[in-house]
Every structure is written in C-alpha cells, then in structure tokens.
Amino acid sequence: MKKKINVILIIVVIALWGGIGYRFLSNYFFTPDQPVLRTYFDSNTDIDNIFVQRDTFVMEPIKRDPFLNKIKSDSKSILVRNNSANNTVKPKQVVTHSSTEIKTYWPKIEYYGYIKSGDNKELVLLNINGSVKKMHIGENGSGVTVNKISRDSIKVSFNKESKVIRHSRLN
C-alpha cells in the first residue's frame, strides 16, 4: 500500500515540475502564438494621414509633503484633452488653487537640560522623536532649530513656527 502511494506522489511531483519546466522553457525556445504587430510604411504613404490616439487624463495633486510633514492644498491640476480629428495639440489648461497650509505636525521634543561652558557656549540635551541630540543655539537637528536657552525651558522652531519647551522633570 505504501509503495502505491509513493509511486502516485512521485508521478504527481514529476507532473508538477514538468509543467513548471515547460512554462519556463517555452518562453525561450518556442514561437509565440500571437503574431507581433508591425507597421510598415512605403515611400508613398502620406505622413499627415497617420493619426496618433491621445488619452485624456487629470493629474491629482499630492496633498501631504513627506519631507516637511505638512498637509497642504497648494495644487495644480493639468487637463489634457483628446483631439484626434485634426491631430493638433491644444495648449494645456492649468487649474490652480490657493495655497493654504492646514496643519504642521511637530515632532515629540523633550528638554533634558543644558551645559554652560567657560566660553559662554551653551549646549542643550534634547530628545527628538526618540533620538537624543546635543545642540547649540542656532543648530538644526531633525528639522528643529534651537533659538533660545534658559535654565528651565528652551525656545525651538520647526517649519517657521516657534514653541517654548519646558524641562521634562518640571512638567
């Protein structure tokens, strides 16, 4: 009984691998069933009578800027029209919308403290989205710029917006 099952399974496996091998080798060694369409023009063919079909489409604007993490509605739609009757191209219509920024997503910022050296250079320790950074005044890290440093808070700016962040132990 076991020998019959093994023989049947071996035949099924050989049939499956044979089908896979046939499909793989048919791409390289056999001729295709569908003929390749070729267009030949003789020297008497008038080029003006050859028509090219053009498609009509509308390009949708991208609503979110992935680099600045902003959602904006500053968009331009380009409308292209199909005009195959006389085979001339009309100028494109451009539709513009007013640019208004809807929302800015600030990264998560925690202020751990600052160090003041003898040269009056101040260094702050910030946690920006889970990564700890040492920054000086005017330095940019992950899009966040440190503007002002005080003992219990700092003033930072992100995408032209400013916030005051208080020390994380004082919150």
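It should be noted that the structure appears before, not after, this text.
First, a word on scope: everything that follows refers to the structure included in this document. (Residues numbered from 1 in each chain as written. Predicted model: local features only at pLDDT ≥ 70, side-chain atom pairs only at ≥ 80, totals over all residues. Heavy atoms only, no water.)

Let's talk about the pairing of strand E12 (residues 153–158)
This is how it is decided: We call a residue buried when its accessible area falls under 20% of the maximum for its residue type, exposed when it is over 50%, and partly exposed in between, using a 1.4 Å probe and counting protein chains only. Think of it this way: any DSSP run of H or I at least four residues long counts as a helix, any run of E at least two long counts as a strand, and we number them from the N terminus. A pair of strands is considered paired only if DSSP assigns at least 2 bridges between the two.
Of all the six residues making up E12, five are buried; the element is thus mostly covered by neighbouring parts of the structure. Alignment of strand E11 (residues 144–149) against E12, held across five bridges, turns out to be antiparallel. Paired with Val 146 across the two strands is Val 156, which belongs to E12. The turn linking E11 back onto E12 is made up of three residues. Examined bridge by bridge, E12 and strand E13 (residues 161–166) share six bridges and lie antiparallel to one another. Counterpart to Phe 158 in the pairing with E13 is Glu 161. Here E12 folds back onto E13, and the loop between the two strands holds two residues, one of which, Asn 159, carries a positive phi near 55°.

Here's the deal with the nonpolar core
Where we set the bar: As used in this record, nonpolar core signifies buried Ala, Val, Leu, Ile, Met, Phe, Trp, Tyr and Cys residues forming a set joined through side-chain atoms within 4.5 Å. Note on contacts: a residue pair is in contact if any heavy atoms of the two residues lie within 4.5 Å.
Ile 109, Tyr 111, Val 124, Leu 126, Val 146, Ile 154 and Val 156 are the most contacted members of the largest nonpolar core, which totals 14 residues. Elements that contribute at least two residues to this core include exactly strand E7 (109–116), strand E8 (122–128), E11 and E12. If we skip the residues at most four places from it in the chain, Val 124 touches Tyr 111, Gly 113, Tyr 114, Lys 133, Lys 134, Met 135, Val 146, Ile 149 and Ile 154.

Details of the pattern of salt bridges
What counts is decided by this rule: The term salt bridge refers to a side-chain nitrogen of Lys or Arg lying within 4 Å of a carboxyl oxygen of Asp or Glu.
Within this structure, the stated rule accounts for two salt bridges. Residue Asp 152 is joined to Arg 166 by a salt bridge in which the shortest nitrogen-to-oxygen separation is 3.5 Å. You can see Asp 152 sitting in the loop between E11 and E12 and its partner Arg 166 sitting in strand E13, a full 14 residues away along the chain. Exposure remark for Asp 152: the relative accessible area of 30% places this residue in the partly exposed category. A residue is classified by how much of its surface remains accessible, and Arg 166, at 43% relative accessible area, is partly exposed.

Section: the environment of Ile 137
Of note, Ile 137 is situated in the loop between strand E9 (131–135) and strand E10 (140–141). Overall, the relative accessible area of 48% leaves Ile 137 in the partly exposed class. Sequence separation of Ile 137 and Lys 155 is 18 residues, and the distance between their C-alpha atoms is 9.7 Å. Other than its neighbours up to four places away in sequence, Ile 137 contacts Glu 122, Val 146, Asn 147 and Ile 149.

Notes on the sheet that holds E13
An order of E10-E11-E12-E13 is seen for the four strands of this open sheet, with the pairing classed as antiparallel. Unpaired on one side and paired on the other, E10 and E13 mark the two borders of the sheet.

Remarks on the side chain of Ser 157
Worth spelling out the cut-off: Here a polar contact is recorded for every N or O atom pair within 3.5 Å, except that within protein the pair must consist of a potential hydrogen donor and a potential acceptor, and residues adjacent in sequence are included only if both atoms are side-chain atoms.
As for its placement among the helices and strands, Ser 157 is situated in strand E12. A relative accessible area of 16% means that Ser 157 is categorised as buried. Engagement of the side chain of Ser 157 in a polar contact is seen with the side chain of Asn 147, the distance being 3.4 Å. In this structure Ser 157 touches Trp 106, Gly 143, Val 144, Thr 145, Asn 147 and Ser 162, once residues within four positions along its chain are discounted.

With respect to the environment of Gly 113
As for its position among the elements, Gly 113 is in strand E7. On the basis of relative accessible area, Gly 113 is assigned to the buried category, the value being 14%. Gly 113 sits 38 residues away from Arg 151 along the chain, and the two C-alpha atoms are 7.5 Å apart. Beyond its immediate stretch of four places on either side in the chain, Gly 113 contacts Leu 123, Val 124, Leu 125 and His 167.

The quantities given are spatial measurements derived from coordinates; they are silent on function.
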